[in-house]
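# Summary of the model geometry
In case you want the letters, here they are:
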Amino acid sequence: MNYDLHCHSSISDGILSPARLVQRAAEKGVDVLALTDHDDVAGLGEAAQAAEAAGIGFVNGVEISVTWSGVTLHVVGLNVDAGNAELQAGLAGIQHGRRERAERIGQELGKHGIVGAFEGALRHAANPRLIGRTHFARFLIGQGVCKDVRSVFKKYLVRGKPGYVTHEWTSLANAVAWIRAAGGQAVLAHPGRYDLKGKATRRLLGEFREIGGEGVEVVTGSHTPDQHALFAELANFYGLAASRGSDFHAPGEYGRELGSGPDLPLKCTPIWHNWDLTNTGQTRMASKTVPT
Ligand code: AMP
Ligand code: MN
Ligand code: MN
Ligand code: MN
């Protein structure tokens, strides 16, 4: 079974609509897909419907932006109830912060002679509630400032470069609490990507497990083979299940192709080990037991 439990639609910074994303996933051989847009659940209804039509399993997801010890982290929620009021209120707060951050990014780029960046980025955001750095990247490419998204994230929008601003996202505890309030499982996204030393990574995993986190992405588009092995080991040590996802955004952009990448290492407990997949379409969890 091919599980892809991390990807983005045009509801956040992916390029495909939720329905087209699901169709592409089915074409690429994905059996069970989770749509995990940044800080917004508005694509889940359309995606679930498309998954039913395409005959693949579908899991509601979201990827929540967090600040922990001064570092930006991403926490994926799987099997969340998209209608949960606590989750929705939390995400609305993050969306307001994104908007305000985007205005500051626009001002910073303005200081470097790039005018109209906020408005320009907004034109690339199909969902105006959810504006992020990828939309600025696409604007800068359109202006001929950079040739692709990768080079934008080397020359702009990152620490020490034009267009970088600091931002305080929500806390790790809030993100986990909202996901759990919505009946979901909290999974630490792409742990190998953070600017953390080994010791801090271990502190993070321990704290995450302590406050109710249930899984960690072991196989993700931005991990190397060495990191697959490392995080499989750490997941087991900290009693966390393992997840697998492409982090697909757009063909040839950040992340992998939908459904691609190696299987989870055999020693891992998959985050889906207790899901009930007897129904096609909507995936339900059989129980919420956390592996120990
Ligand atoms: P934001 O949440 O607005 O700060 O944007 C984060 C998003 O930027 C990530 O989810 C990726 O889609 C994109 N991103 C971050 N780093 C890179 C990179 N090095 N290359 C391409 N895209 C990146
Ligand atoms: Mn993204
Ligand atoms: Mn992420
Ligand atoms: Mn992502």
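Conventions we followed
Residues numbered from 1 in each chain as written. Chains lettered and ligands numbered in written order. Predicted model: local features only at pLDDT ≥ 70, side-chain atom pairs only at ≥ 80, totals over all residues. Heavy atoms only, no water. Donors = N, O, S within 2.8 Å, 3.2 Å for Na, K, Ca; no water. Helix = DSSP H or I, 4+ residues; strand = E, 2+ residues; numbered from the N terminus. Near = heavy atom within 4 Å. Polar contact = N/O pair within 3.5 Å; in protein donor to acceptor, adjacent residues only side chain to side chain. Areas by Shrake-Rupley, 256 points an atom, 1.4 Å probe, with all protein chains shown as cover. Nonpolar A, V, L, I, M, F, W, Y, C, P; charged D, E, K, R; others polar. Domains from an automatic or database assignment.

Moving on, we get to the coordination of the manganese ion (ligand 4). Within the first shell, the manganese ion (ligand 4) binds the protein through His6 (NE2), His8 (NE2), Glu63 (OE) and Asp247 (OD), at distances of 2.1 to 2.2 Å. We note that the donor set of the manganese ion (ligand 4) lies within a single chain, spaced as H-x1-H-x54-E-x183-D. The distance between the manganese ion (ligand 4) and the manganese ion (ligand 2) comes to 4.7 Å. Of this pair, glutamate 63 sits in strand β3 (residues 57-68) while aspartate 247 sits in the loop between β7 (241-245) and β8 (275-276), and the two are 184 residues apart along the sequence.

The immediate surroundings of ligand 1 are formed by Asp13, His38, Arg98, Arg101, Gly132, Arg133, Thr134, Val149, Phe153, His249 and Tyr254. Measuring from an oxygen atom of ligand 1, one finds a side-chain N or O atom of arginine 133 at 2.8 Å. When isolated, ligand 1 has an accessible area of 490 Å², and the protein chains bury 87% of it. Elements supplying a minimum of two residues to the shell around ligand 1: α3 (85-111), α5 (133-142) and α6 (149-155). Here the shell around ligand 1 is composed, by residue class, of 3 nonpolar, 4 polar and 4 charged. Counting only domains with at least three residues in the shell around ligand 1, you end up with domain 1 (3-91 + 168-287) and domain 2 (96-157).

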